[in-house]
Structure formats: structure tokens, C-alpha cells
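Each chain is listed here by its residues.
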Amino acid sequence: MRTPQHVVSYRDLIDIGLTDVLQRTKDIKDDVLYMRGEPQWPDSLTNAVVASLFYEASTRTKLSFESVVLRMGGRLIGTENAEQFSSAIKGESLADSIRIVSMYADAIILRHVSEGAANEAARFSTVPVINAGDGAGEHPTQALLDFFTIWERFADSDVTLTVVGDLKNGRTVHSLLALAADLSGSDLGLVSRVRCVAPAALALPQPLHERLTAAGIDLAQTDRFDATAVKETNVLYLTRTQKERGSVIGSQAAYALNESIATALPAEAIVMHPLPRNEELPTWFDTDPRARYFTQAENGLFARAALLDTLFQHP
Ligand code: NCD
């Protein structure tokens, strides 16, 4: 039996062929949003059964995946709140659950509270495992839609990416920055400068810091989120404090978008946020033309459709 193509890490996106997946995302987006007549979703999931296993809360990731599975002709099995409604509550190991579910489905979308869970699942699954977030670890499909959102706006440019907030436990930032580091120097090496804005207690993990520097990305860190921090920014990526992972922020207001920061942010910049948002991203900014977070969430549909299409067309 061939080893299934898992998507456990941002690294798997590169191995699968990121350029093709980005282009496929754009094509699907164009077909669905801009074609006259019926939206055109790929039908590569016809007759496929996809398992959706969520051991941790989710709105966008879960529902966007499930929406595209259905739109692409597939069917879903699974459970939200898998911690309570699967045999996990009876003490079954993740390994055993995955061994069984992979007999019942053609792919498994897994979100779990523990870092490394997706990797563990991939070891026991005979079908592709897609990591929909594992604790403070990774969130590769979020990195895909985030990178797509940057790429569709800034392809061929030299991007300064400013990440703000909980850089310690925010897995979306981990996957996006690791992806940017590994793409540096390639045709997709759009991100040349990364500016980290976080309180010392929630700073970017040192290994990631070293990875970015080793990749030749110009990296700077500050604990002050102010007008100076965003002056040269193309992409401002805000994040919430991951309280459920023990993150504590002294002053949430000190890491929130405010009017003086919005004024200093260049007119051509975009503001991203993986959502859900708390205080760091006030709703008054929603009507600003630089607000890109709802488009970013919508891009999650097209990016996940493109990824599934790639996995199911070339299993
Ligand atoms: C993120 C996550 O789950 O990591 N949400 C998402 O998938 N869009 C961000 C977060 O929870 O803060």
C-alpha cells in the first residue's frame, strides 16, 4: 500500500506543490465568485467519504472544510466535540480511533488540543490526515489560506509582514512564518521582512526566530505596538491571546489596533487576522478598505477546496 499524502505540517504544502495549489485556489475562487451562472466547484470528491474529527472548538476551519466537501460531491462523517462524543471519553487512544476511522473514510480532517496529535494520527492512518490545528503546534491549512491572501494581493512584491500579539502560542503565526522561511529565496519568497510585535512573555519561539534569520529574512522584534511599528508594513497580521493555552497578556489594549496605528499604516497595506477576534481588532475597522480578514476567511473555502482537489485527484 502507498503511504497516503498527509498534510500535517506547512512543509507538506511545499511537498505537494504549493505553486499549483495556490493557482488552483485562484482558479476555484474565480470559477465560484466570478463565473456567470452556477458556481463551479470541482467535483473530485464525488463518492468520497471524509471524516471530520474535532477535539477542539472551531467555526471557520470546521465549517469551511465541511462546506467544500459537500460542494465537491463528497459526504461527511464525524463528530464535533470528539473529546466527549467519540470513544475518547471511554479512554480510547487517538491511535486506535484513527486506525478505525481510516477504515471508514477516505480522508480525515483532525483538530486536536495536543501538539503533535496530527503527526501521531498520520502514523496510524491509511488515508490522508489533514491537520486542522494541533494545540499550539501547527495549522497548515490556515497557513495556506493566509499565504494565498498575501500572494493574491502581493505576488511578485517584496513584503514586510508585521505579526502582532500572542506569537508564543498562536499556531497560525507559527505555520505562516515557518512557511515564509522555507519559501525564502524561491519563486514564492514574497516575504522579505518580518516584524514581530509582542510582549516579552509571548514572544516568538526562539527556534522559529532562528529559522527565519537563517533563511535570510530580515527580522526585528519589539514589544511596542505603535505607529512606528507599522510604518513600512504591507501586511499587518493581528492575533488574539491564546488564553486556553495559558497565555496571559498584561494589557490587551497595548496590542490592539487603534486610530493612530490605523493612520500610520500605509494605504496599500492589508490587515489580516485568523479570527476569532477579541479586543485586538475593533469592529470600527471593518469598513476600512485595508481590512482583509473576512476575505481571508472566505479564501479558506477556496484554499481548502484546492487542497482536497489536489489530494483526491492525485492520491
Ligand atoms: C485560529 C486557530 O484555531 O488556531 N482560528 C482559525 O482556525 N481561524 C486562531 C485562533 O484560535 O486564535
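Right, let's walk through the structure included here. Note that the coordinates shown come from a computational prediction; the quantities given were computed from them, not determined experimentally.

## What to know about the packing of helix 7 (residues 140-154) against helix 8 (residues 171-183)
For the pair helix 7 and helix 8, interaxial distance at closest approach is 8 Å and the crossing angle is 60 degrees. In terms of orientation, helix 7 and helix 8 fall into the oblique class. Crossing hand, helix 7 versus helix 8: right-handed. Two secondary-structure elements touch here, helix 7 through P140, Q142, A143, D146, F147 and I150 and helix 8 through T172, S175, L176, L179 and L183. Class assignment for the residues of the contact of helix 7 with helix 8 results in seven nonpolar, three polar and one charged.

## Describing the packing of aromatic side chains
Within the structure shown, the criterion is met by four aromatic pairs. Look at W41 and F302: their rings are 5.8 Å apart centre to centre, the planes differ by 25 degrees, and that puts the pair in the stacked class. Separated by 261 residues along the polypeptide, W41 in the loop between helix 2 (18-34) and strand 1 (49-54) and F302 in helix 12 (residues 293-313) bring together distant segments of the chain. With a relative accessible area of 16%, W41 lands in the buried category. Residue class for F302 comes out buried when judged on its relative accessible area of 1%. Taking 5.7 Å as the distance between ring centres and 40 degrees as the angle between the ring planes, the aromatic pair formed by F148 and W151 counts as tilted. In this pair, F148 and W151 both sit in helix 7, three residues apart, roughly one turn of the helix. We note that F148, like W151, is buried. Just above the ring of F154 sits the side chain of R153; from NZ or CZ to the centre is 4.4 Å.

## Here we look at the sheet that holds strand 9 (residues 270-272)
As summarised here, the arrangement of the five strands in space is 7-6-5-8-9, forming an open sheet in which the pairing is parallel. The two strands at the open ends of the sheet, each matched to only one other strand, are strand 7 (218-222) and strand 9. Between one strand and the next, the sheet's axes are offset by a mean angle of 20 degrees, whatever the strand orientation. The pairing of strand 8 (residues 235-238) with strand 9 spans three bridges and is parallel. Bridged to L236 within strand 9 is V271. Taken strand by strand, helix 7 contacts strand 5 (159-164), strand 8 and strand 9, and its axis lies near 175 degrees from that of strand 9.

Criteria and cut-off values
- Residues numbered from 1 in each chain as written.
- Predicted model: local features only at pLDDT ≥ 70, side-chain atom pairs only at ≥ 80, totals over all residues.
- Heavy atoms only, no water.
- Axes fitted to C-alpha atoms, helices over the stretch in contact; angles between N-to-C directions.
- Helix = DSSP H or I, 4+ residues; strand = E, 2+ residues; numbered from the N terminus.
- Parallel < 35°, antiparallel > 145°, perpendicular 65-115°, else oblique.
- Left-handed = near helix turned anticlockwise from the far one by under 90°.
- Contact = heavy atoms within 4.5 Å.
- Nonpolar A, V, L, I, M, F, W, Y, C, P; charged D, E, K, R; others polar.
- Phe/Tyr/Trp six-rings, centres within 6.5 Å; stacked < 30°, edge-to-face > 60°.
- Buried < 20%, exposed > 50% of the residue type's maximum accessible area, 1.4 Å probe, protein only.
- Lys NZ or Arg CZ within 6 Å of the ring centre and 35° of its normal.
- Pairing = 2+ DSSP bridges.

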